[in-house]
Amino acid sequence: MSAMTSGDYVIRAIRADEWEAVKRLRLVALRDPVADIAFLETYDEALERPDSFYRERAARSAAEPSDARQFVAVAADGEWAGTVTVLIEEAGTTDWAGFPVERRQGHVVGVFVRPEHRGSGLVKALFDAGVEWVRERGAERVRLLVHAENPRAQGAYRKAGFVPSGVLVPFFKDEAETEVEFVLEWPA
Ligand SMILES: CC(C)(COP(=O)(O)OP(=O)(O)OC[C@H]1O[C@@H](n2cnc3c(N)ncnc32)[C@H](O)[C@@H]1OP(=O)(O)O)[C@@H](O)C(=O)NCCC(=O)NCCS
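Residues numbered from 1 in each chain as written. Predicted model: local features only at pLDDT ≥ 70, side-chain atom pairs only at ≥ 80, totals over all residues. Heavy atoms only, no water.

Q: Any chance you could break down the site of the ligand for me, citing the residues and the numbers?
A: By nearness alone, 20 residues border the ligand, and Val111, Val113, Gly119, Arg152 and Lys159 come closest of all. One nitrogen or oxygen atom from the side chain of Arg152 is found 2.6 Å from an oxygen atom belonging to the ligand. Here the ligand loses 70% of its free accessible area of 950 Å² to cover by the protein chains. With 7 residues, the top contributor of residues to the shell around the ligand is helix 6 (residues 151-159). (Near = heavy atom within 4 Å. Polar contact = N/O pair within 3.5 Å; in protein donor to acceptor, adjacent residues only side chain to side chain. Areas by Shrake-Rupley, 256 points an atom, 1.4 Å probe, with all protein chains shown as cover. Helix = DSSP H or I, 4+ residues; strand = E, 2+ residues; numbered from the N terminus.)

Here it is in structure tokens:
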């Protein structure tokens, strides 16, 4: 398995047998003060899911080929400090919001860095790993959605090279709120 280092962290894809650590980090993320706007799932929903859900999630990420991959940043003491997941969206399909997907692209979800590891550039290193993975699979760009009222996440995405595409989407949990699409594109 390929791994990169970033400062004191090793950035790598998760293994299929790491589903319990996947669940643990997800539950920490869902306790974050901005979890309501950052994630679609609630803490209670995540807690109640059967082990099989997390086993399947980890196995899907580790499968080859796969349409989804979760990356983690592992700190020197072995703790998972942060994570991103990248999904491949195929041209000609319709996304979860009903919009057509025009090009093969990556979609970043589940972005989280533990508070004590923030501001370290870790999120950029995680994004770099995710972007490399989708580029190797022929994606032409990467996108993500971020809540309009989540300026810290937006700041992190800009630092990782993403820019707003101009597309705004009603927030899934409350249509009066807005999510902003950010994209990272590269020359053909
Ligand atoms: C989003 C997240 C992964 C970003 O990681 P991070 O380590 O905090 O990001 P960074 O500190 O490297 O970058 C954030 C940037 O936004 C800036 N920023 C922070 N608060 C800001 C605000 N209120 N307004 C504008 N910019 C802000 C920071 O100054 C920083 O830029 P700088 O390094 O140039 O100073 C992390 O904060 C997190 O896990 N948040 C909770 C979950 C979440 O929101 N996930 C995203 C869901 S879309």
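Text resumes after the structure shown.
Q: Any details on the side chain of Ser61? Residues and values, ideally.
A: Of note, Ser61 is situated in helix 4 (residues 51-62). Relative accessible area serves as the criterion here: at 4%, Ser61 is assigned to the buried category. Apart from residues no more than four positions distant in its own chain, Ser61 is found in contact with Ile14, Ser66, Ala68, Arg69 and Gln70. (Buried < 20%, exposed > 50% of the residue type's maximum accessible area, 1.4 Å probe, protein only. Contact = heavy atoms within 4.5 Å.)

Q: Tell me about the pairing of strand 5 (residues 105-113), and name the residues and values.
A: Counting buried positions along strand 5 yields 7 of 9 residues, so the element is predominantly enclosed. The sheet contact formed by strand 4 (residues 80-89) and strand 5 spans 7 bridges and is antiparallel. Counterpart to Thr85 in the pairing with strand 5 is Val109. Crossover handedness for the path strand 5 to helix 5 (residues 122-136) to strand 6 (residues 141-147): right-handed. (Pairing = 2+ DSSP bridges. Right-handed = clockwise from strand over helix to strand, strands pointing away.)

Q: Give me helix 6: which residues, what numbers.
A: The complete set of buried residues in helix 6 reads Ala153, Gln154, Ala156 and Tyr157. One side of helix 6 holds all its buried residues, which, seen down the axis, span an arc of 160 degrees. Exposed residues pointing more than 90 degrees away from the buried face of helix 6 are listed as Pro151, Arg152 and Lys159. On its buried face, helix 6 is in contact with strand 5, helix 5, strand 6 and strand 8 (174-185). Looking one or two residues past helix 6, Gly161 carries a phi angle of roughly 100 degrees, positive in sign. (Arc of directions from axis to C-beta.)

Q: Describe the packing of aromatic side chains, naming the residues involved and giving the relevant values.
A: What the rule picks out here adds up to 5 aromatic pairs. With a centroid separation of 5.0 Å and an interplanar angle of 80 degrees, the aromatic rings of Phe53 and Tyr54 are classed as edge-to-face. Among the residues examined, Tyr54 registers a relative accessible area of 0% and is labelled buried. Here Phe127 and Tyr157 contribute two aromatic rings whose centre-to-centre distance is 5.4 Å and whose plane-to-plane angle is 65 degrees, an arrangement assigned as edge-to-face. With Phe127 in helix 5 and Tyr157 in helix 6, this residue pair connects regions lying 30 residues apart in the sequence. Pair check on accessibility: Phe127 and Tyr157 agree, each one buried. Ring pairs connect the aromatic residues Phe127, Tyr157, Phe162 and Phe182, which therefore count as one cluster. Above the ring of Tyr43, the side-chain terminus of Arg31 is found at 3.7 Å from the ring centroid. Taking the ring centre of Phe53 as reference, the NZ or CZ of Arg49 above it sits at 4.3 Å. (Phe/Tyr/Trp six-rings, centres within 6.5 Å; stacked < 30°, edge-to-face > 60°. Lys NZ or Arg CZ within 6 Å of the ring centre and 35° of its normal.)

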